[in-house]
Amino acid sequence: MRRPIGAAARELGAELRQERLRAEMGTTTVANSLGWSKAKLSKLERGWRGTDEWDVGTLLGAYGTDKSIRERLRKLAQRQDDDWLVRDHVGRRPEELLCWRVHEDLALKIACYEPLAIPSLLQTENYALGLAGGVAEVGDQIEPAVGPHFESRQVLDGSVGPEVTVFIHEIALRLVVGNETVMHDQLMHLNFQGDRENVRLRIVPSSAGARSALRRPGVLMTFVEPLKSLACLETESAVVFTEQEQAVSAVQEKFDLLDEVALGEDASRDALRHWADVYDNASR
């Protein structure tokens, strides 16, 4: 069996590791009980080696995994080499998906673009709540929407995280989410995040025009070889993850264009400060 290093194999490995931890079993105990080497189990959990439904079933049986989860992971094992993964995110934020978290942690570089909103990676709690329709009037008090997606994320830690480049369309700065106070705080938060050593903020001005590549959001993650780049394309109810060469090239072309038309980092920070002042004055 050839060694799969695709996104589905890594997701399967992460799922198997979660089940082992849920069962409170150590790698040595599991490997010894199955007659495996610890290296085999470690590579399997990291998505570094091939597997089959038999091995997956053996592991999940040892872990006492529920039937519904066993069936889902059995199907995932059948599709380890797929170039396209579709993951439902109804009722959750896309970045809470396991596949997203696994690859975000592995990424060497992450580029993301949003035409109508601040990317979720850099949202404040109240801005996210405002997107869900939580507040509408100036002066309204907003109850923070505390949740797991607002916990400190390693991806923004410059000491260990990837290089993150965020492209935000100017329209997203003009659209009021929540109220003017929320917008002011969100833009100040962006400025603070821009001080991180691994975060680059780029504003796409309205003067860039209505180009087709600027209409839709996208995320591109790159990794240390031999892992292939991964494009993440979000719909209303699902995220499509793909390593398919043509699809990744199309998303890369989007970011090449964004790099050409976006303001430089200094000018982008000036734009953020300008709009923070606008909302600050409007909220008084």
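Everything quoted here is computed from the prediction, not taken from an experiment. (Residues numbered from 1 in each chain as written. Predicted model: local features only at pLDDT ≥ 70, side-chain atom pairs only at ≥ 80, totals over all residues. Heavy atoms only, no water.)

Enquirer: Just checking my understanding: could you explain the environment of W275 for this structure?
Expert: By the secondary structure assignment, W275 is in helix 11 (residues 265-282). In sequence terms W275 and L187 are 88 residues apart; their C-alpha atoms lie 7.3 Å from each other. Apart from the residues within four sequence positions on either side, W275 is in contact with L173, R174 and L187. (Helix = DSSP H or I, 4+ residues; strand = E, 2+ residues; numbered from the N terminus. Contact = heavy atoms within 4.5 Å.)

Enquirer: Looking at this structure, I do not really get the sheet that holds strand 3 (residues 163-169). What am I missing?
Expert: The strands that make up a sheet are held in pairs by hydrogen bonds between backbone atoms, and each pair lies either parallel or antiparallel. If you trace the seven strands from one edge of the open sheet to the other, you get 1-7-6-5-2-3-4, paired in mixed fashion. Whereas interior strands pair on both sides, the edge strands pair on one side only; in this sheet they are strand 1 (84-88) and strand 4 (199-204). Across the sheet, the mean angle from the axis of one strand to that of its neighbour is 15°, orientation sign disregarded. Where strand 2 (residues 109-114) lies against strand 5 (residues 218-222), five bridges are found, and the strand directions are antiparallel. Paired with Y113 across the two strands is G218, which belongs to strand 5. Of the strands in this sheet, strand 1, strand 2, strand 3, strand 4, strand 5, strand 6 (230-234) and strand 7 (238-242) touch helix 10 (residues 245-261), which is tilted by about 105° from strand 5. (Pairing = 2+ DSSP bridges. Axes fitted to C-alpha atoms, helices over the stretch in contact; angles between N-to-C directions.)

Enquirer: Please clarify how a nonpolar patch on the surface should be interpreted in this entry.
Expert: Judged by side-chain polarity, L116, I171 and L175 come together as a nonpolar surface patch covering roughly 250 Å² of accessible area. Here I171 is to be found in helix 8 (residues 170-174). In this structure I171 comes out as partly exposed when scored by relative accessible area, which is 34%. (Patch = residues over 30% accessible without salt bridge, like charges linked within 9 Å, V, L, I, M, F, W, Y side chains within 5 Å. Areas by Shrake-Rupley, 256 points an atom, 1.4 Å probe, with all protein chains shown as cover. Salt bridge = Lys/Arg side-chain N within 4 Å of Asp/Glu carboxyl O. Buried < 20%, exposed > 50% of the residue type's maximum accessible area, 1.4 Å probe, protein only.)

Enquirer: Sorry, what's going on with helix 3 (residues 38-45) here?
Expert: Side chains three or four residues apart in an α-helix point the same way, a direct result of the helix having 3.6 residues per turn. Considered for burial, the residues of helix 3 that qualify are K40, L41, L44 and E45. Here the buried residues of helix 3 occupy an arc of 125° about the axis, which is enough to place them on one side. Check the buried side of helix 3 and you find it contacts helix 1 (7-22), helix 2 (27-34) and helix 4 (53-63). Following helix 3 by one or two positions, G47 has its phi on the positive side, about 70°. (Arc of directions from axis to C-beta.)

Enquirer: Would you mind showing me how to read the environment of V30 here?
Expert: Relative to the assigned elements, V30 resides in helix 2. Judged by relative accessible area, which is 0%, V30 ranks as buried. Sequence spacing of V30 and Y63 is 33 residues, and the spatial spacing of their C-alpha atoms is 9.0 Å. Ignoring any residue separated from it by four or fewer positions in sequence, one finds V30 in contact with R20, M25, L41, L59 and Y63.

Enquirer: Would you take a moment to explain the layout of surface pockets for this structure?
Expert: Regions of empty space are outlined by a rolling probe, equal in size to a water molecule, passed over the atoms. The volume enclosed by the largest pocket comes to roughly 760 Å³. Contributing to the lining of the largest pocket are 32 residues, with P94, E95, E114, S120 and E234 lying nearest its centre. Going through the elements one at a time, helix 6 (98-106), strand 2, helix 7 (125-131), strand 5 and strand 6 are the ones with two or more residues in the lining of the largest pocket. Sorting elements by how many residues they give to the lining of the largest pocket places strand 2 first, with four residues. The residue makeup of the lining of the largest pocket, split by class, is 17 nonpolar, seven polar and eight charged. (1 Å grid on protein atoms, 1.4 Å probe; cavity = no way out; pocket = protein on both sides within 12 Å on 5 of 7 lines; lining within 4 Å. Points joined across faces, edges and corners; volume = space filled by probe spheres on them. Nonpolar A, V, L, I, M, F, W, Y, C, P; charged D, E, K, R; others polar.)

Enquirer: Hey, could you run me through the packing of aromatic side chains in this one?
Expert: Note on aromatic pairs: each is described by the distance of the centres and the angle between the planes. Taken as a whole, this structure holds three aromatic pairs when the rule is applied. Centre to centre, the rings of W100 and F241 are 5.9 Å apart; their planes meet at 75°, and the pair counts as edge-to-face. With a gap of 141 residues between them, W100 in helix 6 and F241 in strand 7 connect regions that are remote in the sequence. Taking the relative accessible area as the measure of exposure, F241 reaches 1% and is therefore buried. Taking the centre distance of 6.0 Å and the plane angle of 45° together, the rings of F167 and F255 count as tilted. Placement of the pair is F167 in strand 3 and F255 in helix 10, with a sequence separation of 88 residues. Given a relative accessible area of 4%, F167 falls into the buried group. Looking at F255, the relative accessible area reads 5%, which means it is buried. Sitting over the face of the ring of F223, R10 holds its NZ or CZ atom 5.7 Å from the ring centroid. A cation over a ring is seen here: K40 above W36, with NZ or CZ 3.9 Å from the ring centre. (Phe/Tyr/Trp six-rings, centres within 6.5 Å; stacked < 30°, edge-to-face > 60°. Lys NZ or Arg CZ within 6 Å of the ring centre and 35° of its normal.)

Enquirer: Please clarify how the pattern of salt bridges should be interpreted in this entry.
Expert: Any two side chains of opposite charge can pair, so long as their charged atoms come close to each other. Tallied over the entire structure, the rule returns 14 salt bridges. For the salt bridge of R72 with E15, the shortest nitrogen-to-oxygen distance reads 2.6 Å. Here E15 lies in helix 1 and R72 lies in helix 5 (residues 67-78), a separation of 57 residues in the sequence. The buried category is assigned to E15, whose relative accessible area is 9%. Where D83 meets K228, a salt bridge forms, and the shortest distance between an N and an O atom there is 3.9 Å. Here the residue D83 occupies a position in the loop between helix 5 and strand 1, and K228 occupies one in the loop between strand 5 and strand 6, the gap between them amounting to 145 residues.

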